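Listed below are the residues making up each chain.
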Amino acid sequence: MADLRVSYSTLDGVHHALSKAAQTFAASAVPRDGGAFGAEDVTQAFATFRRSQERADEWLANTSRTLAQYARDTRSLVQDADELLAATARGTG
């Protein structure tokens with residue numbers, strides 16, 4: 001039977017990187033035009049772009065948070081299973 005090897009440090013690194021990405025996306029902001037464009041069509045186009053960018057940033061932040069939690073949960077579940085298997089092998093589980 002093949003060995004299953006899980007790197008806790010890799011899972012911790014993935015969790016950290018995705019948590020940081022979530023913070024980055026959540027904190028990003030597209031500036032407002034402040035009336036600099038002048039033409040109403042250009043101002044409306046920029047507003048549409050801005051709303052689209054904000055939705056994309058929100059989706060990316062939420063997805064990053066979800067994947068970070070998956071990495072954390074995976075680490076926890078594998079660690080619990082490993083401890084249970086070790087206890088069973090020792091006859092104490």
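For the structure itself, consult the block above.
An account of the accompanying structure is given in this report. No experiment lies behind these values; they were computed from the predicted model shown. (Residues numbered from 1 in each chain as written. Predicted model: local features only at pLDDT ≥ 70, side-chain atom pairs only at ≥ 80, totals over all residues. Heavy atoms only, no water.)

Along the chain, the position of Leu4 falls in the segment before helix H1 (8-27). The sequence separation of Leu4 and Ser64 amounts to 60 residues, and the corresponding C-alpha distance is 26 Å. (Helix = DSSP H or I, 4+ residues; strand = E, 2+ residues; numbered from the N terminus.)

What follows is about the pattern of salt bridges. A full pass over the atoms with the stated rule returns 3 salt bridges. The salt bridge involving Asp3 is made with Arg5; its shortest N-O contact spans 3.5 Å. Accessibility assignment for this pair places Asp3 and Arg5 in one class, exposed. Among the ionic pairs, Glu54 bridges to Arg50, the shortest N-O distance being 2.7 Å. Here Glu54 and its partner Arg50 are both found in helix H2 (residues 40-90), 4 residues apart, which amounts to about one turn of the helix. Under the relative-accessibility criterion, Glu54 is labelled partly exposed at 33%. (Salt bridge = Lys/Arg side-chain N within 4 Å of Asp/Glu carboxyl O. Buried < 20%, exposed > 50% of the residue type's maximum accessible area, 1.4 Å probe, protein only.)

Within this structure, the stated rule accounts for 1 aromatic pair. Centre to centre, the rings of Phe46 and Phe49 are 6.2 Å apart; their planes meet at 45 degrees, and the pair counts as tilted. Of the two residues, Phe46 and Phe49 both sit in helix H2, 3 residues apart, roughly one turn of that helix. Across the ring face of Tyr8, the terminal group of Arg75 is positioned such that the distance to the ring centre comes to 4.6 Å. (Phe/Tyr/Trp six-rings, centres within 6.5 Å; stacked < 30°, edge-to-face > 60°. Lys NZ or Arg CZ within 6 Å of the ring centre and 35° of its normal.)

Another aspect to go through is H2. Note on helix geometry: an α-helix contains 3.6 residues per turn, so any two residues three or four positions apart are oriented the same way. In this model H2 runs 75 Å from its N-terminal to its C-terminal C-alpha over 51 residues, within 8% of the 75 Å that 1.5 Å per residue would give. Listed in full, the buried residues belonging to H2 are Thr43, Phe46, Arg50, Asp57, Ala61, Ser64, Ala68, Ala71, Arg75 and Ala87. Tucked into the core, H2 has its buried residues touching H1. Immediately beyond the C-terminal end of H2, within one or two residues, lies Gly91, with a positive phi of roughly 85 degrees. (Expected span 1.5 Å × (residues − 1). Contact = heavy atoms within 4.5 Å.)

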